[in-house]
Amino acid sequence: MDLLVKDGHIVDPANNIDTKRDILIEDGKIKALKKDIAKKGIKVIDAKDKIVLPGLVDMHVHLREPGREDEETIESGSLAAAKGGFTTICCMPNTDPAIDNQGVVELVVSQSKRVGLIKILPIGAITRGLKGEELAELASISEAGAIGFSDDGNPLRNSQIMRRALEYSKMLNRIVISHCEDTDLSEGGSMNEGYISMLLGLNGIPYTAETHFVARDIELARMSDARLHIAHLSCKESVELIKEAKDKGVKVSCETAPHYFSLTEEAVRDFNTNAKINQPLRTKDDVEAIKEALKDGTIDVIATDHAPHLDSEKDVEFDYAPFGIIGLETALSLVIMGLIDKNFLGWLELVKVMALNPSRILGLDSGTLSEGKDADIIIVDPQKTWKVTKESLFSKSKNTPFLGQELKGVVEITICKGRIVYGG
């Protein structure tokens, strides 16, 4: 179905557009973007007083399929993503079985095509079974459709294997996404190490558990001259390491997640397991450092690290609860409230960190509203509010620390490849 989006405020940093325009969509592509488009016989979407953006791109999502379809499936994750404004997501390989061979990559690709809502791109495992012992068949999983490589959730402790992964990824023109955690330092920890952990009697995870491997992986990327992407930055010391590496020309990019600039370690004072995350929530100083790094461009990407878990898994003593929260449906609202409303970012910068930059890092032809590109578009009411309840969430799992809160910013319509997949 051809579409005409009328009278919306268009934001597209790739083309330096931040003004009122119409968008004509034909055959799944953006046919024209200009003022006062008129065409009869097609569906018209009234976007007056709304913000119209390129579809968001999430580099870091856990969909759980195959293996834990009780927590999330490709279909339920696609619905949650579409509701949150994401038209492209990358799914991490810590499934069961892991996405460490051509067959599992092909399974994920075929399932996403069957669901047919948004674009789902698999991230292949760096090592077989995510065990950190030997490299997976990186060339074959890349050929099957893996957009990058990561052992996310299982930190890669062997520096030699990490070096080889970077060298192979350079040959394959793929990105390595690193979960930077020194498990010798974090073992047994369940929250940030500091006054709050001492007060609660919980074992803490020091910031050095993150920075130790951030520094290591930066040096390995420098040695191999390969592209490295650091996942879920949480602390100011990591920001400083990234900034220094970029200044020296290392090919490093990085991401943070909305919870790292929306919450502090105070969120776990009541032993709320829905605030148990790895990397853990840090201090107010860390939150401010993350915001400033987004503002000055040191941090390239906001990703969700969407990590579904059942209520029964989270409803245990804090030490025994799994790490992770869901984020696909709350991310945009948290960015609007925490960054745009507080003048850390404007709408052009929001699109950069949530659509354009991740597209460029991954080598995707998306994140823009350029004529001839896929019509991946979202229409947002930035003033409308909604309440986060279990009933309002499309994700199978409901493990979010924002349950019961009222958030601002609603995706009214999501269009993927010219087709309305949410709202409308």
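Summary of the structure given here. The shown structure was predicted, so the numbers you read here are calculated from the model rather than taken from an experiment.

**A closer look at the overall build of the protein**
Consideration 1: A count of helices and strands for the protein gives 13 helices and 18 strands.
Consideration 2: A compact globule built from 424 residues should have a C-alpha radius of gyration of about 22 Å, and the protein, at 21 Å, falls within 12% of that.
Consideration 3: Projecting the C-alpha coordinates of the protein onto the three principal axes gives extents of approximately 65 × 45 × 45 Å.
Consideration 4: A burial count over the protein gives 61% of its 424 residues as buried.
Consideration 5: Restricting to contacts in the protein with at least 6 residues of sequence separation, those with at least 24 account for 74%.
Consideration 6: For the protein, the exposed area adds up to about 16,500 Å²; of that, 46% sits on carbon and sulfur atoms.
Consideration 7: Charge centroids of the protein, computed over 52 positive and 67 negative side chains, lie 6 Å from each other.

**Thoughts on the packing of helix 12 (residues 331-340) against helix 13 (residues 347-362)**
Consideration 1: Where helix 12 meets helix 13, the closest approach of the two axes is 11 Å, and the angle between their N-to-C directions is 135°. Taken together, the axes of helix 12 and helix 13 lie oblique to each other. Every pair of crossing elements has a handedness; the one defined by helix 12 and helix 13 is right-handed. For the pair helix 12 and helix 13, the contacting residues are Ala331, Leu332, Val335, Ile336 and Ile340 in the first and Trp347, Leu350 and Met354 in the second.
Consideration 2: Here the residues of the contact of helix 12 with helix 13 sort into eight nonpolar, no polar and no charged.

**As for the pairing of strand 17 (residues 406-416)**
For a regular strand, side chains alternate in direction, first toward one face of the sheet and then toward the other.
Consideration 1: Among the eleven residues in strand 17, nine count as buried, and that is most of the element.
Consideration 2: Bridge count between strand 16 (residues 377-387) and strand 17: eight bridges; the pairing is antiparallel. Following the sheet pairing, Ile377 is matched in strand 17 by Ile415.
Consideration 3: When strand 17 meets strand 18 (residues 419-423), the two strands line up antiparallel, connected through four bridges. When the sheet's bridge partners are listed, Ile415 is paired in strand 18 with Ile420.
Consideration 4: Where strand 17 folds back on strand 18, the antiparallel hairpin that results is connected by two residues, among which Lys417 adopts a positive phi of roughly 50°.

**Quick look at the side chain of Ser224**
Consideration 1: Relative to the helices and strands, Ser224 is located in helix 7 (residues 208-224).
Consideration 2: Beyond its immediate chain neighbours, meaning those up to four positions away, Ser224 contacts Leu166, Glu167 and Lys170.

**Quick look at the sheet that holds strand 8 (residues 119-124)**
Consideration 1: Strand order in the open sheet made by the eight strands is 6-7-8-9-10-13-14-15, with parallel pairing throughout. With partners counted over all chains shown, the strands left at the sheet margins are strand 6 (56-61) and strand 15 (301-302), one partner each.
Consideration 2: Where strand 14 (residues 252-256) and strand 15 come together, two bridges link them in parallel fashion. Looking at the pairing, Glu255 lines up with Val301 of strand 15.
Consideration 3: Packed on one face of the sheet, helix 1 (residues 74-84) meets strand 6, strand 7 (86-91) and strand 8 and runs near 135° to strand 7.
Consideration 4: Packed onto the sheet, helix 13 meets strand 6, strand 7, strand 10 (175-178), strand 13 (228-230), strand 14 and strand 15 and runs at close to 65° relative to strand 6.

**Structural notes on empty space enclosed by the protein**
Consideration 1: For the coordinates displayed, the defined rule picks out four cavities of 30 Å³ or more.
Consideration 2: Lining the largest cavity, in full, are Ile126, Ser150, Asp151, Asp152, Asn154, Pro155, Leu156, Met162, Ile177, Ser178 and His179.
Consideration 3: Within the lining of the largest cavity, the residues separate by chemical class into five nonpolar, four polar and two charged.

**Examining a nonpolar patch on the surface**
Consideration 1: A cluster of nonpolar side chains, Tyr195, Met198 and Leu199, forms an exposed patch at the surface whose accessible area comes to about 360 Å².
Consideration 2: Here Met198 is to be found in helix 6 (residues 195-200).

**Quick word on the packing of aromatic side chains**
Two measures describe an aromatic ring pair: the distance that separates the ring centres and the angle between the ring planes.
Consideration 1: The full count for this structure, using the stated rule, is one aromatic pair.
Consideration 2: Judged by centre distance (6.1 Å) and plane angle (70°), the rings of Phe394 and Tyr422 are edge-to-face. Of the two residues, Phe394 sits in the loop between strand 16 and strand 17 while Tyr422 sits in strand 18, which places them 28 residues apart along the sequence.
Consideration 3: Judged by its relative accessible area of 35%, Phe394 falls in the partly exposed class.

**Brief notes about the pattern of salt bridges**
Consideration 1: Overall, the coordinates contain 29 salt bridges when judged by the stated rule.
Consideration 2: Glu26 is the salt-bridge partner of Lys39, the closest N and O atoms lying 2.2 Å from each other. One end of the pair, Lys39, is in the loop between strand 3 (29-34) and strand 4 (43-46); the other, Glu26, is in strand 2 (residues 17-26), with 13 residues separating them in the sequence.
Consideration 3: Exposure remark for Lys39: the relative accessible area of 37% places this residue in the partly exposed category.
Consideration 4: With its nearest N and O atoms 2.6 Å apart, the salt bridge here joins Lys29 to Asp374. Linking Lys29 in strand 3 with Asp374 in the loop between helix 13 and strand 16, this pair joins segments that are 345 residues apart in sequence.
Consideration 5: For Lys29, a relative accessible area of 36% puts it in the partly exposed group.
Consideration 6: Residues joined by salt bridges that share partners form a network here, namely Arg64, Arg68, Asp70, Glu71 and Glu313.

**Regarding the nonpolar core**
Consideration 1: With 77 residues, the main nonpolar core has Leu53, Ile89, Ile230, Leu332, Leu350 and Met354 as its most contacted residues.
Consideration 2: With seven residues, the single largest contributor to this core is helix 13.
Consideration 3: Setting aside residues up to four positions removed in sequence, Leu53 forms contacts with Val11, Trp347, Leu350, Val351, Leu369, Asp376, Ile377, Ile378 and Val380.
Consideration 4: In this structure, Leu202, Val268, Ala275 and Leu393 belong to the second largest nonpolar core, which totals 21 residues.

**A look at the packing of helix 7 against helix 8 (residues 236-247)**
Consideration 1: At a minimum axis distance of 9 Å, the contact between helix 7 and helix 8 shows a crossing angle of 10°. With respect to helix 8, the axis of helix 7 lies roughly parallel. Mapping the contact onto sequence places Glu210, Thr211, Val214, Ala215 and Ile218 in helix 7 and Glu237, Ser238, Leu241, Ile242 and Ala245 in helix 8.
Consideration 2: Across the contact of helix 7 with helix 8, the residue classes tally to six nonpolar, two polar and two charged.

Conventions adopted
Residues numbered from 1 in each chain as written. Predicted model: local features only at pLDDT ≥ 70, side-chain atom pairs only at ≥ 80, totals over all residues. Heavy atoms only, no water. Helix = DSSP H or I, 4+ residues; strand = E, 2+ residues; numbered from the N terminus. Rg over C-alpha atoms; globule rule 2.2 N^0.38 Å. Buried < 20%, exposed > 50% of the residue type's maximum accessible area, 1.4 Å probe, protein only. Contact = heavy atoms within 4.5 Å. Areas by Shrake-Rupley, 256 points an atom, 1.4 Å probe, with all protein chains shown as cover. Lys, Arg positive; Asp, Glu negative; His and termini not counted. Charge placed at Lys NZ, Arg CZ, Asp CG, Glu CD. Axes fitted to C-alpha atoms, helices over the stretch in contact; angles between N-to-C directions. Parallel < 35°, antiparallel > 145°, perpendicular 65-115°, else oblique. Left-handed = near helix turned anticlockwise from the far one by under 90°. Nonpolar A, V, L, I, M, F, W, Y, C, P; charged D, E, K, R; others polar. Pairing = 2+ DSSP bridges. 1 Å grid on protein atoms, 1.4 Å probe; cavity = no way out; pocket = protein on both sides within 12 Å on 5 of 7 lines; lining within 4 Å. Points joined across faces, edges and corners; volume = space filled by probe spheres on them. Patch = residues over 30% accessible without salt bridge, like charges linked within 9 Å, V, L, I, M, F, W, Y side chains within 5 Å. Salt bridge = Lys/Arg side-chain N within 4 Å of Asp/Glu carboxyl O. Phe/Tyr/Trp six-rings, centres within 6.5 Å; stacked < 30°, edge-to-face > 60°. Core = buried A, V, L, I, M, F, W, Y, C linked by side-chain atoms within 4.5 Å.

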